[in-house]
Structure formats: C-alpha cells, structure tokens
Amino acid sequence: MRDVLVVGIGMSGLTAALRCQEAGLSVTLLAKGVGSTHLAPGTIDVLGYGPDLVESPSQALPRFIDGSPEHPYARIGVDALSRSLEWFGERFDAYRYTGAVDENLLLPTAIGSIKPSALVPESLSAGDLRNGGRFLIVGLRQLKDFFPALVAQNIANAKTPSGAGISARAVQIEPPTNGEPDLSSLAFARRFDEPEFLDAVAKQIGAHLDGDESVGLPAVLGVQHPHEVWTGLQDALGRPVFEIPSLPPSVPGMRLYEILRAQFEAGGGRVVVGAEAVGADTDGDRVTAVRVAAAARIKPYPAGHFVLATGGFGSGAIEMGANWSVREKVFNLPVAGVPEDGNERFGPRYFDAHPLSRAGIRVDDSLRPLDDNGNRVYANVTVVGACLAGSEAWREKSGEGISLSSGYKAAETIVEEQT
Amino acid sequence: MIEDLIRGSLDHCIKCTICESHCPVSRATPLFPGPKYVGPQAERFRTGDTSPDDSLDYCSGCGICTHVCPQGVKVAEINSRARRTLKESKGIRLRDKVIARPSLSAKLATPVAPVANWTLRSKPIRAAIETTAGVDRRAPLPTFAGRTFQKWARKHEGPKLGRSVVYFHGCSANWFEPDLGAKTVAVLEHNGFNVIVPKGQDCCGLPLQSNGLFDDATGYVNRLVAKLAPYAREGYDIVATSTSCGLMLKREAHEILGMESDDLRVVSERMYDICEFLLDLHDRGELKTEMAPLSLKVPYHVPCQQRGHEMGKPALGLFGLIPGLEVVDTQRTCCGIAGTYGLKKEKYDIAMEVGRSLFEDITGMEPELSVCDSETCRWQIEHATEIPSVHPIELLHRSYGL
C-alpha cells in the first residue's frame, strides 16, 4: 500500500505529491487528464487584487485575511505561504523563477492588459511594466491568437502605479516555416529549441530594433531548453527579451508541469494520468481507498493518506446538477458556500463577482474537510487547490498561490501525522 | 448505448487544445491537422455514412488525445469509429485486409518459416510487395519463429501450485516471440501461480479494427472471448503480455466496436496487463522480491496502448525492485508504428518521423538493449535503432535467475 494518494495533477497536486515524497513517503499521483498547468500562464500569482491592486502580497495579506476569514489563505497562513514559495523557487535549475512574496510584478497578458504576479519564469520577468520603459512587441505571423499591435497599444495606455511612462510599438515577423498556414504555440516552441531557427528569428527581429527597447514575444521561446533559448535571444539582440503569455495551451505551463512531474517520477513517484477517481471506500472516519475508473474496471487505490487536488467547477471536480444540487465527486464531501435558494448565484455580467464561485470544500487549519457543523469529515483526507471554499481566485489573482501553499501545507499535515 | 456515450463526450470539449499539443502525428506531418480538428470538431459534420474529412486516415490511433483530455472527451474513440465510415466509403485496400490478419499470415508461414523469413528479408521481393501491395519495403516486419508458444505450452509441465492464472498470449508471443511466452510462464510460476494457457487462442481483432474492418474484428473477438470466458467465469484472472491486445479485450472491443456480449464483459473484468498484475501483487506483498542485481542502464519506452489501460506505468514500479538496474523513462509519446500504421508505404516516413526523438534518445544512450511493453513498438524501435528491444518480463526473468 502507498503512503499517500494525491488526486489531481495541477499545481496543488504536484506540490503535495513532491513534498510528501521529499519527506520519504511513497506517493501515487492520479489524475483524469493533464490540466490546469497547461491552461494557465505559468506564473505564480499570490494576491493581485484585494480588491484594489496589490503591490506587496506579504504586506497586504494580513489585512486581506482579516477581511476574508473564510478565505483559504486564512487556513494556510502567511508563514506557510512564504515557505511554499521559497520551496518552489528551489525546484528549478537552469530555467528559474524570479520574484518573491514581497512585491508583485506587473506583466502584460496576451491582450496587453496588466496582471500582478509574485513569482514568474525568468523569461517573463523583463516584461515588468512597473517602472515604465520602451517596448517592441513582436508577433509571429503564423501564430494565431497573438496580436502584437493590440498588446502594444494596450500596454502603452496602461497606468503604472508609479506613473512611469510606457511606449510600445508592434512588429510582425515571418519566421521560416515549412509552408504551414498556421502553427500552434507549442509547435513554435519546439522550433525555437533548434538553434538555427532561433538565429533566423533573431536576425529578423534585429532588423527592426530601435534604441534601447526591450523585446516582447509570445511565450513560445522553447519548451525543452527555455533557458538557453531565452538567454540566446537576449545575447543575440543585446537587450532584455521577455515572453508574454498567450492563449492555451500554455508553453510556460507545460514547462512547469514537465519539470515538476519529472522530478516526482525521478524520485520514485507513480503517476497515473487518464484515470478518473469516481468514489472512495471508507471505514469510519478514515478513507481506505479511492475508487478509480480504469479500463474495464473500477479499481481501488488504497493508501494511508489522501489529498484531494481535483480543482473546482471548471475541472468537473465539483458538479452542479440541473436542480442546483452540488456535489464533490470523489469523497462526496459537503460543499460549502453554495447560495441558498432564492439568493443570487451568479452576477449579471461575465466579469462580475459570482457568489457561486466561492463555493467549495471548507477545511480546518490542517486542511481537513469539514461538514456544515464544523466537524471533520475524514481524518486522513486533506483538501487543496481550487476545490477549497472561500476564494474567487480569478478575480483576486490568487489561484497559483492558493494551490502551491495549500499543497505544501497538506504535505506538512500528512508528514506530521506520519512521523 | 456505448456509441452515444462516446459521441456524446464531444460536447465536453472546451477547445483547450491539450490533445493537439500531445499529438505525435500532427507534430510530424501537416497531412494530419490534429485530434481536436478531426475529432470533436469534424464529428459534428459526420452523419450516417458520410465522412467529410479524409485527413482522419492519417490518425495513427495512438490514443494519447483521450488520455490527456482533462474533460473526458473520447477523442481517439470518436476518431476510430469515424475511420471505419471513412474507410468503408472509400473501399478498403487488399493490403489493409492482409496486414490486419497477422494470425492468418503466421499460420501459413510458420511451417515454412525459414523460407518466409528469407522472402520478407529479400530486397527485390520487398520492393515488389511495396509496388503491388503498398507495404513499405523498409518497414519492420516481424520474424516468424517457426514454432509456436502453444506447442511449447502443451508440452510444458509446470509445478502444480495452489492458485491459477490464465495467460492470453496473443499472436506475437505465439508466432513471433514464443520465448517471451515461456519467460512469462516462468515468472508467474516462480511467484506461485499455476499458469493455464487456453487452447485455440487466435487474434484479438485489433489490427482489423484499426483498419476499419469492424465486422471481421468483431468475429475475431467473439471467437477469442469464447475461449477465455469460461475461465473468467470460474474466477481466474487473465494476464496479457501484449499491451494492445489486452487493451482490445479490456475496453476497445466494447468502446470502439460497440460489442456488448457477456463473454466479452467477463473477460474484460478479469483482464490484466502482465506488469499491472505483478505490481498489484507486489502492492499486496505477494510478489517475490529476492532478485539478483542487473548492472544495466536501459531506456524504457511506454507504448501508447499501455496508456489506454489507465494504470500508470507499472513496469517502472517493477524495475524499481531490481537491484543495480537503472531505467531511463524516455517520456516520448510514440514510436510511430501504431500497430500496422507505420508499415504502410504512404505512412512509413511519417511513422519514422514520429519516433525520431525516441530513437535518438535510445541510440544516444548506447544501451545493451531497450525496453518496451508492446511488440510492434519493439520491432519498430529495433528497426530504427539497431539495438535489441525487450519486454519488461525479460528483465524480471533475468533478475529472478530463472
């Protein structure tokens, strides 16, 4: 029997699995498919809005937590959050993450809006707009869904907290291809891994350079060797180069996934992707096994501890039926924060706050799931990531921070109990 | 009905393109636009007997799209079913009908194996086959062993042990790699199993299914499960060393051919990949772990069809029990062969391009051998790397000192 079974292979699941493994536990990581990493920009956003723009997450968090006592950060605590970020930074070798919990960088998004992030891949960091600057935004003609003129115009109009000015212009280049009418971001990333392609692109960009502009490109600068590609392009152009996250699938997200997954497997961790957890066997207040839909059979995966890292509504971990009934699909845990009948569930417009989006699993300070009366449901289950109740991560820009720190803290809970 | 579940899953597609980012074929050739395009998107335009999208024929059926989909869309299954319609509307080539019947060819060739093998190694003859039948002259065809595993099993007298397990050997172990069959029996017997080898096991029909010949495939499945079902009903587990054939009986006959028979259901429920079976034993503390060191560093390739079992990579867990053995998981998606895909003249180069990075990883390590669970993948890898490729059982057999 394995010591730990983690269900879900996004940020929170990968973190919990790696931390438990580092502590010497045998861990299996099980997931329905790959997921959140490939859909997210690969940055670690800790707290971007609370609700005003946050310049320093570490300074803003105590007050934010006071004002949101049901928020996951209130359970996790600033201390565990800071330690998890430090731990995360140490996972990386050549391709590193930069930044800290003390200050947010302001990075351009795929449409040139501005997003606060605490930790970012090195290759994104020169896109920080806090101190203004001059930018050349480069588009690749065969890459759909990235429009350099849109990005340039929007960041030129952006308001920085310091009031520093931003100038930006756009250029579209036509990299050498094999005649394809369009190429995905990943296809481009694979080509950037080849030095000849990088040289050809550098030459084309070089012809457009003017003054001391930093150069921004869609986040496709290599998938196998991103550090070498990024530094190579900086050297060739003699100036800072940065990546701008593009639409999914996200190349920086794939790098993150591959790096963490490879570390986990190299340490003897077992990964089972493509198998959905559909239920659990229990004995009193303990779960004895998670039931998994594998080919031809429902297979029990017994373990000593279980980590629920399946995500929220978006990933199908929590499901709402036609009669508004809400259920968590692996352990059938009580879902807290679902607006009562007659109350508003959704705001009127897409980008409004939606009361339902705060629904999730309520936990205690050890991240054990709680029922409506505040009693622990299971003694050997911890809940992490997007299935936790109390946050509206996409508005707060707190998703990866919650996932990383809760995964980290769940591992601490398990290791403490185990030893 | 299963058809409705498979087709209905396309409504869960959120167009995230994770499947496209993993597809090894669209990466290798612009002729295949990717699983999302020919799968959930084109499927909306497929009605009845019409198929609007010929590029589907370049899908190799590796199945990684279904495996990685975070929304549970059965992309590969949708595409396999659509391929049948496409093939039927175009007419199925004689070549596809022949290469999809390995057991038929093997029955004819085995009595004259030296001649048959010589014929298939002869360059002029292969060139003629390529011209007339469209099987690429360079493609890796297996070598007929000239003897069968069944014949060995009939003579083999194992120790009479307490518990029994059934071995589904498939065409490859029977006709091409009978030693793998014998080693599998030895490993199971060493772990206290009486191994039952039901007589008359024929092809599982998978190559026919891959080539769109669903009715013929269904006939093969029916005949095979009729041989295995009595044992499943007795409560015996069934193990398979052929990953893809095991998967055919576990799920594909049901999900792709749409078969609902009771024989198939009981066989599915009892079917285990050999490594899955052994690792489950180990997790229950029932696998012998006294093993001799193997001072080897070997690359391991997880075959596509193994992912369809939804069981992770059990061979890695078993390799971890062998002292001194260093295994490098290549993490590559596909070797390109996909059963019969890479044999075809119009697809051979695509298949070799699909596997190129895998082959480079393997040759770069300069290993004594490489390891892979699936036979057609091993033949492709050997062909491309000129380094022997073995089933994981081979390493266990060695380490047990059997």
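Residues numbered from 1 in each chain as written. Chains lettered and ligands numbered in written order. Predicted model: local features only at pLDDT ≥ 70, side-chain atom pairs only at ≥ 80, totals over all residues. Heavy atoms only, no water.

Here we look at the sheet that holds strand β1 (residues 163–168) of chain B
Residues and elements named next belong to chain B. Convention followed: Pairing between two strands is assigned when DSSP locates at least 2 bridges connecting them. Working definition: helices are DSSP H or I runs of at least four residues, strands are E runs of at least two. Numbering for both runs from the N terminus. Angles shown run from 0 to 180 degrees and are taken between the N-to-C directions of axes, each axis being a line fitted to C-alpha atoms and, for helices, limited to the stretch in contact. For this analysis, residues touch if any pair of their heavy atoms sits within 4.5 Å.
The four strands are arranged β2-β1-β3-β4 in an open sheet whose pairing can be described as parallel. Each end of this open sheet is capped by a strand with a single partner; those strands are β2 (193–196) and β4 (271–273). With strand direction ignored, the average angle separating the axes of adjacent strands in the sheet is 35°. In this structure, β1 lies alongside strand β3 (residues 238–240), joined through three bridges in parallel fashion. Residue pairing in the sheet places V166 in a bridge with I238 of β3. Sheet contacts for helix α16 (residues 243–255): β1, β3 and β4; angle to β4, the most-contacted strand, approximately 155°.

Considering the environment of A:W394
All names here are of chain A. Relative to the helices and strands, W394 resides in helix α11 (residues 393–396). Separated by 135 residues in the primary sequence, W394 and I259 have C-alpha atoms spaced 25 Å apart. Among all residues touching W394, those that are not within four sequence positions of it are Y350, F351, D352, H354 and S357.

So, the pairing of strand β4 (residues 105–108) of chain A
Residue and element names in this part refer to chain A. Here is the rule: Relative accessible area decides the class of each residue, using a 1.4 Å probe on protein chains only: under 20% of the type maximum gives buried, over 50% gives exposed, and in between gives partly exposed.
Burial along β4 is two-sided: L105 and L107 facing one way and L106 and P108 facing the other are all buried. Looking at chain direction, β4 and strand β5 (residues 114–117) are connected through four bridges and run antiparallel. By the bridge assignment, L105 is partnered in β5 with S117. Hairpin geometry of β4 and β5 is characterised by an intervening segment of five residues between the two adjacent antiparallel strands and by a positive phi of about 85° at G112.

Observations regarding the domain arrangement of chain B
Residue and element names in this part refer to chain B. Cut-off, in case you're wondering: Source of the domain bounds: an automatic or database domain assignment. Summed over both partners, the accessible area (1.4 Å probe) lost when two parts come together is defined as the buried area. Basic side-chain nitrogens of Lys or Arg form a salt bridge, by our definition, when they fall within 4 Å of a carboxyl oxygen of Asp or Glu. Here a polar contact is taken to be a pair of N or O atoms separated by no more than 3.5 Å, where protein atoms must pair a possible hydrogen donor with a possible acceptor and residues adjacent in sequence count only if both atoms sit in side chains. The nonpolar class holds Ala, Val, Leu, Ile, Met, Phe, Trp, Tyr, Cys and Pro. Asp, Glu, Lys and Arg form the charged class, and all remaining residues, Gly among them, are polar.
By the assigned domains, chain B splits into domain 1 (2–90) and domain 2 (289–400). On the side of domain 2, 13 residues touch domain 1, which itself brings 15 residues to the contact. Summed over both partners, the interface of domain 1 with domain 2 comes to about 1200 Å²; 62% of that surface belongs to carbon and sulfur atoms. Counting the surface domain 1 buries against domain 2, the share from its top three residues, Y58, S60 and C62, is 34%. One salt bridge in this structure joins D57 and K347, with 3.0 Å as the shortest N-O distance. Counting every contact that joins domain 1 to domain 2 gives three residue pairs in polar contact (both at pLDDT 80 or more). Mapped onto the side of domain 1 that touches domain 2, the elements with two or more residues apiece are α3 (24–28) and α5 (64–68). Considering each element in turn, the side of domain 1 that touches domain 2 owes the most residues, three residues, to α3. Broken down by class, the residue content of the side of domain 1 that touches domain 2 amounts to eight nonpolar, five polar and two charged.

With respect to the side chain of B:S9
Along the chain, B:S9 turns up in the loop between α1 (2–8) and α2 (18–22). If we skip the residues at most four places from it in the chain, B:S9 touches B:G72, B:V73, B:K74 and B:I78.

Some details on the interface of chain B and chain A
Contacts between the two partners involve 33 residues from chain B, matched on the other side by 30 residues from chain A. Counting the surface lost from both chain B and chain A, the interface buries some 2400 Å², and carbon and sulfur atoms represent 46% of this. Taken together, the connections running from chain B to chain A amount to five salt bridges. As a salt-bridge pair, B:K313 and A:E265 come within 3.1 Å of each other at their nearest N and O atoms. On the surface where chain B and chain A come into contact, there are 16 residue pairs in polar contact (both at pLDDT 80 or more). If you tally residues by element for the side of chain B that touches chain A, the top one is helix α18 (residues 274–283) of chain B, at four residues. Each residue belonging to the side of chain B that touches chain A can be placed in one class, and the counts come to 11 nonpolar, 10 polar and 12 charged.

With respect to the environment of B:R307
Residue and element names in this part refer to chain B. Looking at where R307 falls in the secondary structure, it is placed in helix α19 (residues 304–307). In this structure, the C-alpha to C-alpha distance between R307 and L120, residues 187 residues apart in sequence, is 32 Å. With sequence-adjacent residues up to four places away left out, R307 is seen in contact with I64, H67, V302, R332 and T333.

Re the sheet that holds strand β10 (residues 241–244) of chain A
Residues and elements named next belong to chain A. Taken in spatial order, the four strands line up as β8-β7-β9-β10 in an open sheet, and their pairing is parallel. The two strands at the open ends of the sheet, each matched to only one other strand, are β8 (166–173) and β10. In this sheet, neighbouring strand axes are inclined to one another by 30° on average, regardless of whether the strands run parallel or antiparallel. Bridging between strand β9 (residues 214–218) and β10 involves four bridges; their strand directions are parallel. For P218, the partnering residue across the bridge sits in β10 and is I244. Contacting β7 (133–140), β8 and β9, helix α8 (residues 195–206) runs over the sheet at an angle of about 125° to β8.

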